[in-house]
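Chain and residue survey
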Amino acid sequence: MSTPNATTSHLQEGLTVNSSRRLNFKFNGRSYQGVVGDTLASALLANGVIVVGRSFKYRRRRGIVSDGAEEPNAIVQLGSGATTVPNIRATQVMLYEGLEATSVNKGYSLDFDLRAIIRLAGRFMPPGFYYKTFMSPKKLWPFYERLIRLSAGLGEIPKSPDPDLYDSINAHCDILVVGGGIAGLSAALTAGLAGARVIITEQQPLWGGALLGRPETVVGLSSKKWIEQVIDRLKGMKEVKLLPNCCLFGAYDHHFYTACETRYPPGITIPEGEVRERVWKIRARQVIHATGAIERPLLYKNNDLPGIMLAGAVSAYINRWDITLSRHAVVFTNNDSGYRAACDLVRSGASVVVVDPRAASETNRYAKWSDQNRVEILNQSWITEARGTLRVRSVIVKRSGEGNQQFEFTCDLLAVSGGWNPVLHLYAYSGGKPLFDEQRGCFVPNAKIEGQQQIGAANGSFSLAACLNEGVEAGIHALFECGYSASVPETTEIESVEEQPILPFWRLAESGGEQFIDLQNDTKVADIELAVAEGYRSIEHIKRYTLLGFGTDQGKMGNIVGMAVAAGLLKQTIPETGTTTFRPPYTPVTFGAIAGRHVGPLFDTVRKTAFHSWHCSHGAEFEDVGQWRRPWYYPREGETMQQAVNRECLTARNQVAMIDASTLGKIDIQGPDAVTFLDRIYTNGWGNLKPGRCRYGLMLGEDGMVMDDGVTTCLGPNHYLMTTTTGGAARVLGWMERWLQTEWPELKVYFTSVTDHWATISVSGPFARKTFEQVCEQVDLSSASFPFLSFREGVVAGVPTRIFRISFSGELGFEINVNANAAQGVWDAIWEAGQEYGITAYGTETMHVLRAEKGFIIVGQDTDGSVTPIDLGMNWIVSKKKDFIGRRSLARADTKREDRKQLVGLLTSDPARVLPEGAQLVANPDEPLPATMIGHVTSSYWSENIGRSIALALVRGGHQKEGQRIYVRNRDGETIAVNISSSVFFDPEGERQNV
Amino acid sequence: MQRFSALRLLGHGLTGHKHWRQSWRHPEPKREYDVVIVGGGGHGLATAYYLAREHGMTNIAVVEKGWIGGGNTGRNTTIVRSNYLWDEAAHLYEKSLKLWEGLSHELNFNVMFSQRGVMNLAHSLQDVRDAERRANANVLNGIDSEILTPEQIRQKVPLISISPTARYPVLGATFQPRGGVARHDAITWGYARAADALGVDIIQNCEVTGVLKESGHVVGVETTRGVIRARKVGVVAAGHSSVIAQMAGLRLPIESHPLQAFVSEPCKPALDTVVMSNAVHAYISQSDKGEFVVGAGIDGYNGYSQSGGYNVIEGAVAAIVELFPTLSRIRLMRQWGGIVDVAPDACPIIGLTPLKGLYINCGWGTGGFKSTPGSGWVLAHTIAHNRPHELNLPFTLERFSSGALIDEHGAAGVAH
């Protein structure tokens, strides 16, 4: 631990700053210069910029208070145009040439903000004031809300899409060390020396953590040298991954952690092909949290004035960035760490007064130092007020004891330390419940979480010696848990220094005025008093009522102070009051980084069939079906969609037509229990399906409702090929695996998705056989030897294929499966062969029309999860002899009702009128709203083959209502009379497919 | 109850806000009540309020294991709408929406119900068919509903990418102008304050550990603050409904899953409408504070831990960036999870149970927040009259044995 006069040499070194390389930047439109190694905050301070923004609610001027993730005030919009980023903390962005930043809340300027008038109205805007007003008159509420929204938000979103790339990457390691300060580096070194796979992350671009701001001696070396040496050694270990500039932001079950690495600062234009940020998804066996601690402010009147900073930040700006912050400083501290700032201030040439509420102690090691440096220490004293308009100019100090003396000290800087809060976010994300330690005046980790250790300041151990030692110990323990043998790397004796204990106090009851707890949201002590008075007693209620901790720092600076204040008001202990829940992320994470590469074309990769380029070159329009892109229709020059579909429909019924059916799901089913399984999953029976035969099957959910359908073929003994709907393929496979694995593990049957392996071409129409004969070898295609619903293996255009005589159009049809890699040649050959019969390709629209003419359903269009096979008039497919999924549900009272919604056909009086799909049906078109709906139109088309419109619908009790008149009633009020008909409009006997 | 108004706010402002009264009492539990409501979320508090207000029953306790509103009421994305497909659901949610519209006045607590409209995007031809069907059904049910073209969508929400080359291009949307968002904490506090004023005891930090039964009748609850007897017990415990039901020896057809949501850092207003998309699965609005509020999907596994998997967040963020490319550079600030109780047909269960004296209200799944007032209103009626109101008659427990399901799940395109 530093002794008051131990080091002075580092001040000149400035630890990390290269003052010879200057960088130009702009802040709020004005040009400044900084140096390499600066953050925006340090550069602003070096340029004497004290006021950096205004607060959210009262528009009070605010200055930089910290040097890290807890900064509530210095929030800027970085860059402009498409690469701008809102709400960046000036303390966390490294300066670069040409950086442009604007305060997110500055009003017209930081000097003048019209909305600062709001402060005058502030007394009428206590927390939750909006719950108590804006209610009358009711119709003015939208107006009030617009007013409220006027003041919403900090920065602005970019105006155009993000030009940058992001990445995410999975990583595994033995030991994950979070935080590259002295404790974390010490742990990583210990672990690395034993050969373990180690990942160490550090949110700053530089290693060293708090040590960067403290000129200390570690193991006989200057802190800078020590850091350099450790990093060099770690870099030499091939199993150690160092991730600087990488903030670990989330902890999930089973040691899964997420971290975001910033590779290029926001606001900058990055090189082509580079990624701006990368999310690391790390699975570790052991995790060491060396996340440090965040300093607390203290409460007194006007404690938000610019020029008031945390003492640790003051030290950092002096030591790390070599900035002269002050000529006359006051330090207000309730613990020894404030004295470090006092020492640093003295060394940088400031006169210093220390205000310390603790009693003077004979063992105070700063007594001699203060005499030598003419530093006045006021013990048993408190600051009750800071004064100044644009910045702090003086402080009022009250000394307890005789006469309650009061002093005023002029100053240009007030450095404050109210003690330190260990960063326990990751511990809490993992389910840890922090414990309040009265001695150390802070929350510390309580019960250990398996596989996790907290060390150093994160463990409430604030001395360098403890950080170093706990690092070594944690490293050894983690190594042991991972099965490595460890040796202690070297003696790490550091002289430990007796510190005077902290006096954890939160506020003086008699200090009045505005005392700010959450600087970003302007949450004051008075606000918490009001919340408590109004009965908001849970700390979560207080937080939500006062917006404590809702800023972009998520309460890193103010929350614990707020909780302590609440505890005092509630006359409870701090443990009784508890903390609010810590929620990820630790610091905000860019949406783009979380999305990674899953954007644009890779958001959800388009699935294309083997014939996709053929479809494109033949002018197809496409439709998204599930993840697939399917040809919708193939317009020829000058054709409308309706004309193209009419042509395709006529050709399919009168000549020959082909469709790419590759997207239908295909599941290969093998095993001795395959038939048993099919019997359970489908409503119909499969025992008698011989090899070489195909059968249509319907599957239900447990609720008895239709879930999917398709044709399944017996390819050979114990070998079946199931087809599913395009959109249902993955769901059906998952469904089958679920039943097999969780309910029927005794069945010997195996499923393999082969959807992508086979391309499917369906050829149908009266000339389908003639077309097919020209390209098909080794198979007798005659109806006698290759009847409807059968399967043969054959060779088409020289390629081995599976040929099925099935049809979804009701025409004579052949469907072939061919290895997708060889499929295009087969397609071309059929296309060629069909030319003399006028073959056409058709898309999903024509397919829909043709099947609707036949009354064939499409699951998901004509059904919606509330339709049974009986509702569809498909009683024939429901076996009465065997059990199957959904059977029991079909026997339930409501499922057996006769007046359920049932599938019917609809014919309009005007044959030219095509009903809108999704139209609702009513019996009485004149009923006032709300009207009784008896069903809806599920499918509706113009049928060129029949020469009129046709529609399918689900109608209450529809099977008994054939011939009856009902009405479509549209939302615009129009009604259309329709007659209920059979759902089969074409070839009711089904003769055409059998020829 | 001390009335809230602008004038009163001014008055208190002049006296330094020293004289506001507490919003609700913090009483010790009595030994016996007419009704005990288990669960101090919005639904439970609303139930107590309507029991007192509409049915004159004031000897009521609401027992809450933690702090009121700390469950799903405080963990959702605050969307309110009633454009459900099926008549039963539509009528129930519409009753709720109507109550929302008068709630700030009724409770004398501004719940900040902001009717900025809710848009459900359609990304495929089937989505469009479903949108048409739903909009038609809504209008015929007396619920406001419109269909928007991509161009109309762009005009309302310029941030949405309607590019036809998008992975799932926006083909249209349904739009309910009366839908919107509300302040989730306000609904808890508003109901609590109003119920307390009518004499309801709100008892926090009081976890139910057992259900008291005497000869098959439920006669009270055991809690961490002692035994509390009651003539009637209403269980309104969302994700933990099955746990409480099990204490009574009742098995519910409910699965509990984590559901996650998150907000971005606050930004200047850029999105004035609630936008939902089922196909890419995301829903988003911008709060009065400027945060983008995003709902993610449900986690696949069952559990009671109020945290979900990171992969679900990844999916939701990718969907948002896909739909709103200019939001790629804003940053996720806070993420949380709740436990939702999902019934097999994704509709609630509200009504009597096989046990006399025990009433349940659960199964709201991901649709609970919007239904808070209506849910409380019908359960209060059910408890007071010992039979369901016409509105919740279809939502009984018996429907799972009769088969009279109301399948909002299966009704494709209907986001919950």
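Residue numbers here run from 1 along each chain, matching the order of that chain's written sequence. The naming scheme follows written order: chains are lettered A onward, ligands numbered 1 onward. The predicted nature of this model means local features are confined to residues of pLDDT at least 70 and side-chain atom pairs, given and counted, to a pLDDT of 80 or more, with totals for whole chains, interfaces and linings taken over all residues. For the side-chain quantities, the full set of heavy atoms in the structure was used; hydrogens and water were omitted.

Examining the overall build of chain A
- Helix and strand definitions follow DSSP, with helices as H or I runs of at least four residues and strands as E runs of at least two, each counted in order from the N terminus. If you tally the helices and strands in chain A, you get 25 helices and 51 strands.
- As a reference, a globule follows 2.2 Å times the number of residues to the power 0.38, and the radius of gyration itself is taken over C-alpha atoms. In terms of overall dimensions, chain A is more spread out than a globule: its C-alpha atoms have a radius of gyration of 38 Å, far above the 30 Å expected for 995 residues.
- Principal axes of the C-alpha set define a box for chain A whose edges measure 115 × 75 × 55 Å.
- Throughout this description, buried means an accessible area under 20% of the type-specific maximum (1.4 Å probe, protein chains only), exposed means over 50%, and partly exposed covers the range between. By residue count, 62% of the 995 residues in chain A fall in the buried class.
- Contact criterion: two residues are considered in contact whenever any of their non-hydrogen atoms come within 4.5 Å of each other. Within chain A, contacts between residues separated by at least 24 positions form 66% of all contacts whose residues are at least 6 apart in sequence.

What to know about the pattern of salt bridges
- Any Lys or Arg side-chain nitrogen located within 4 Å of an Asp or Glu carboxyl oxygen qualifies as a salt bridge. One pass over the structure, following the stated rule, counts 65 salt bridges over all chains.
- Here the residues in one salt-bridge network are Arg60, Arg62, Asp304, Glu514, Asp522 and Lys524 of chain A, joined through shared partners.

So, the packing of aromatic side chains
Residue and element names in this part refer to chain A.
- Centres within 6.5 Å make a pair out of two Phe, Tyr or Trp rings, where for Trp the six-membered ring is used; the pair is then stacked when the planes are under 30 degrees apart, edge-to-face when over 60, and tilted otherwise. Counted under the stated rule, the structure contains 48 aromatic pairs over all chains.
- Summarising the aromatic geometry, the rings of Phe808 and Phe856 are spaced 6.1 Å apart at their centres and angled 10° between planes, so their arrangement reads as stacked. With a gap of 48 residues between them, Phe808 in the loop between β43 (799-804) and β44 (813-819) and Phe856 in the loop between α24 (844-853) and α25 (887-890) connect regions that are remote in the sequence.
- Its relative accessible area of 35% is what places Phe808 among the partly exposed residues.

Describing the sheet that holds strand β45 (residues 840-841) of chain A
Residues and elements named next belong to chain A.
- Taking strand neighbours across the sheet as the criterion, the 7 strands line up as β41-β42-β43-β44-β40-β34-β45 in an open arrangement whose pairing is mixed. Looking at the sheet topology across the chains shown, the edges are occupied by β41 (776-777) and β45.
- Strands were regarded as paired on the criterion that DSSP finds at least two bridges between them. Relative to β43, strand β42 (residues 791-796) is paired through 6 bridges, and the arrangement is antiparallel. Each residue of the ladder has a partner; that of Val796, found in β43, is Val799.

Some details on the interface of chain A and chain B
- Facing the 117 residues of chain A at the interface are 109 residues of chain B.
- Here the quantity called buried area is the total loss of accessible area, with a 1.4 Å probe, experienced by two parts when brought into contact, counted for both. Summing the contributions of chain A and of chain B, the shared interface buries around 9,700 Å²; its carbon and sulfur component is 56%.
- By the criterion of area lost to chain B, the three top residues of chain A are Arg149, Phe591 and Arg971 of chain A, representing 10% of everything that side buries.
- Inspection of the chain A/chain B interface yields 11 salt bridges.
- Taking the shortest distance from any N to any O, the salt bridge between Asp272 of chain B and Arg149 of chain A comes out at 3.5 Å.
- In protein, a polar contact requires one atom able to donate a hydrogen and another able to accept it; more generally it is a pair of N or O atoms within 3.5 Å, and residues adjacent in sequence count only if both atoms are side-chain atoms. Linking chain A with chain B are 59 residue pairs in polar contact (both at pLDDT 80 or more).
- Residue polarity is assigned by list, with Asp, Glu, Lys and Arg as charged and Ala, Val, Leu, Ile, Met, Phe, Trp, Tyr, Cys and Pro as nonpolar; anything else, Gly included, falls into the polar class. Taken together, the residues of the side of chain A that touches chain B sort by class into 50 nonpolar, 37 polar and 30 charged.

Topic: the confidence of the model for chain A
- Model confidence for chain A is summarised by a mean pLDDT of 92, while 96% of its residues fall at 70 or above.
- Note that pLDDT drops below 50 for residues 1-15 of chain A; the model gives that stretch 46 contacts with residues more than four away or on any other chain. On a range of 0 to 100, pLDDT expresses the predictor's confidence in each residue.

Notes on the packing of helix α2 (residues 42-55) of chain B against helix α9 (residues 372-385) of chain B
Residue and element names in this part refer to chain B.
- Contact geometry for α2 and α9: axes closest at 7 Å, N-to-C directions at 55°. Compared by their axis directions, α2 and α9 come out oblique. Between α2 and α9 the crossing geometry is right-handed. Residue-level contacts link Gly42, His43, Ala46, Thr47, Tyr50, Leu51, Glu54 and His55 of α2 to Thr372, Pro373, Ser375, Gly376, Trp377, Leu379, Ala380, His381, Ile383, Ala384 and His385 of α9.
- The residue makeup of the contact of α2 with α9, split by class, is 9 nonpolar, 9 polar and 1 charged. Angles here are taken between N-to-C directions and fall from 0 to 180 degrees, while the axes themselves are lines fitted to C-alpha atoms, restricted in helices to the stretch in contact. Oblique is the label for every angle not falling under 35 degrees (roughly parallel), over 145 degrees (roughly antiparallel), or within 65 to 115 degrees (roughly perpendicular). Crossing handedness follows the turn of the near helix against the far one: under a right angle anticlockwise gives a left-handed crossing, and clockwise gives a right-handed one.

Overview of the pairing of strand β13 (residues 246-252) of chain A
Residues and elements named next belong to chain A.
- Of all the 7 residues making up β13, 7 are buried; the element is thus mostly covered by neighbouring parts of the structure.
- Here 6 bridges tie β13 to strand β14 (residues 256-262), and the two strands are oriented antiparallel to one another. Residue pairing across strands places Tyr252 opposite Phe256, the latter belonging to β14.

Regarding the domain arrangement of chain A
- According to the domain assignment, chain A consists of domain 1 (18-132), domain 2 (165-293 + 422-481), domain 3 (297-418), domain 4 (516-577), domain 5 (665-754) and domain 6 (898-995).
- Each domain span listed reflects an automatic or database assignment of domains. One C-alpha centre belongs to domain 3 of chain A, the other to domain 5 of chain A, and the line joining them spans 78 Å.

Observations regarding the sheet that holds strand β19 (residues 351-356) of chain A
Residues and elements named next belong to chain A.
- The parallel open sheet is built from 5 strands, whose spatial order is β17-β24-β18-β19-β20. Whereas interior strands pair on both sides, the edge strands pair on one side only; in this sheet they are β17 (308-310) and β20 (376-379). Going across the sheet, the axis of each strand differs from the next one's by a mean of 20°, ignoring polarity.
- As paired strands, β17 and strand β24 (residues 413-417) are joined by 3 bridges and run parallel to one another. Counterpart to Met309 in the pairing with β24 is Ala415.

Some details on unusual backbone geometry
Residues and elements named next belong to chain A.
- Residue Pro585 follows Pro584 across a cis peptide bond; omega there is 0°.
- Relative to the assigned elements, Pro585 resides in the loop between α16 (574-577) and β31 (589-590).
- Put simply, Leu929 and Pro930 share a cis peptide bond, and its omega is -5°.
- Within the fold, Pro930 resides in the loop between β47 (920-922) and β48 (935-943).

Here's the deal with the nonpolar core
- Residues enter a nonpolar core if they are buried and are Ala, Val, Leu, Ile, Met, Phe, Trp, Tyr or Cys, with the set joined through side-chain atoms within 4.5 Å. Judged by nonpolar contacts, the single largest core of 100 residues is most densely connected at Ile542 of chain A together with Tyr50, Trp100 and Tyr191 of chain B.
- Ranked by residue count, the leading element in this core is helix α3 (residues 87-107) of chain B, at 8 residues.
- Apart from residues no more than four positions distant in its own chain, Trp100 of chain B is found in contact with Val80, Val111, Phe113, Ala182, Ile187, Phe369, Lys370 and Pro373 of chain B.
- Ranked by size, the runner-up nonpolar core spans 70 residues in total, among them Cys260, Trp280 and Ile294 of chain A together with Val321 of chain B.

Brief notes about the packing of helix α14 (residues 539-546) of chain A against helix α6 (residues 184-197) of chain B
- Look at α14 of chain A against α6 of chain B: their axes get within 11 Å of each other, and the N-to-C directions meet at 120°. By crossing handedness, the relation of α14 of chain A to α6 of chain B is classed as left-handed. Residues His541, Arg544 and Tyr545 of chain A of α14 of chain A lie in contact with α6 of chain B, whose contacting residues are His184, Asp185 and Trp189 of chain B.

Comments concerning helix α4 (residues 125-140) of chain B
Residue and element names in this part refer to chain B.
- Expected span of a helix, by definition, is 1.5 Å for each gap between consecutive residues, and there is one gap fewer than residues. For α4, spanning 16 residues, the distance from its first C-alpha to its last is 23 Å, which sits close to the expected 22 Å at 1.5 Å a residue.
- Burial analysis of α4 places 14 of its 16 residues in the buried class, the great majority of the element.
- Phi turns positive one or two residues past the end of α4, at Gly142, with a value near 80°.

What to know about a nonpolar patch on the surface
- Among the surface-exposed residues, Leu140, Phe143, Leu147 and Leu150 of chain A lie close enough to one another that they form a single nonpolar patch of about 380 Å² accessible area.
- Residue position: Leu147 of chain A is located in helix α5 (residues 141-150). For patch detection, residues must exceed 30% relative accessible area and be free of salt bridges, and they are connected within 9 Å for like charges or within 5 Å for nonpolar side chains (Val, Leu, Ile, Met, Phe, Trp, Tyr). With residues, only the protein chains shown are counted as cover, and all accessible areas are computed by Shrake-Rupley using a 1.4 Å probe.

Things to note about the confidence of the model for chain B
Residues and elements named next belong to chain B.
- For chain B, the mean per-residue pLDDT works out to 94, and 98% of the residues sit at or above 70.
- In the predicted structure, residues 411-416 sits below a pLDDT of 50 and forms 23 contacts with residues beyond four places in sequence or in another chain.
- On the interface metric, ipTM, the complex scores 0.96, and its pTM is 0.94.

Points about the side chain of Asp679 of chain A
Residues and elements named next belong to chain A.
- By the secondary structure assignment, Asp679 is in helix α20 (residues 674-681).
- Classification of Asp679 by relative accessible area gives buried; the value is 19%.
- Ignoring sequence-local partners within four residues, the contact set of Asp679 consists of Asn684, Gly685, Trp686, Gly687, Lys882, Asp883 and Phe884.

Comments concerning the environment of Leu97 of chain B
Residue and element names in this part refer to chain B.
- Counting through the fold element by element, Leu97 comes out in helix α3.
- For Leu97 and Val80, which are 17 residues apart along the polypeptide, the C-alpha to C-alpha distance reads 7.2 Å.
- Apart from residues no more than four positions distant in its own chain, Leu97 is found in contact with Val80, Ser82, Phe113, Gln115, Gln176 and Arg178.

A look at α5 of chain A
- Buried within α5 of chain A are the following residues: Trp141, Tyr144, Glu145, Ile148 and Arg149 of chain A. Mapping the buried residues of α5 of chain A onto a view down its axis gives an arc of 140°, with all of them on the same face. Residues of α5 of chain A that are exposed and point more than 90 degrees away from the buried face comprise Arg146 and Leu150 of chain A.
- Looking at the buried residues of α5 of chain A, the elements they touch are β14 (282-286) of chain B. In this context, the arc is that of the directions from the helix axis out to the C-beta atoms.

Here we look at the side chain of Asp412 of chain A
All names here are of chain A.
- With respect to the element layout, Asp412 can be found in the loop between β23 (406-410) and β24.
- One buried charged side chain, Asp412, makes no salt bridge at all; its nearest oppositely charged neighbour is Arg391, positioned 5.3 Å away.
- The contact partners of Asp412, leaving out residues within four places of it in the chain, are Gly307, Ser326, Arg327, His328, Ala329, Arg391 and Val392. In this charge count, Lys and Arg are treated as positive and Asp and Glu as negative; neither His nor the chain ends contribute.

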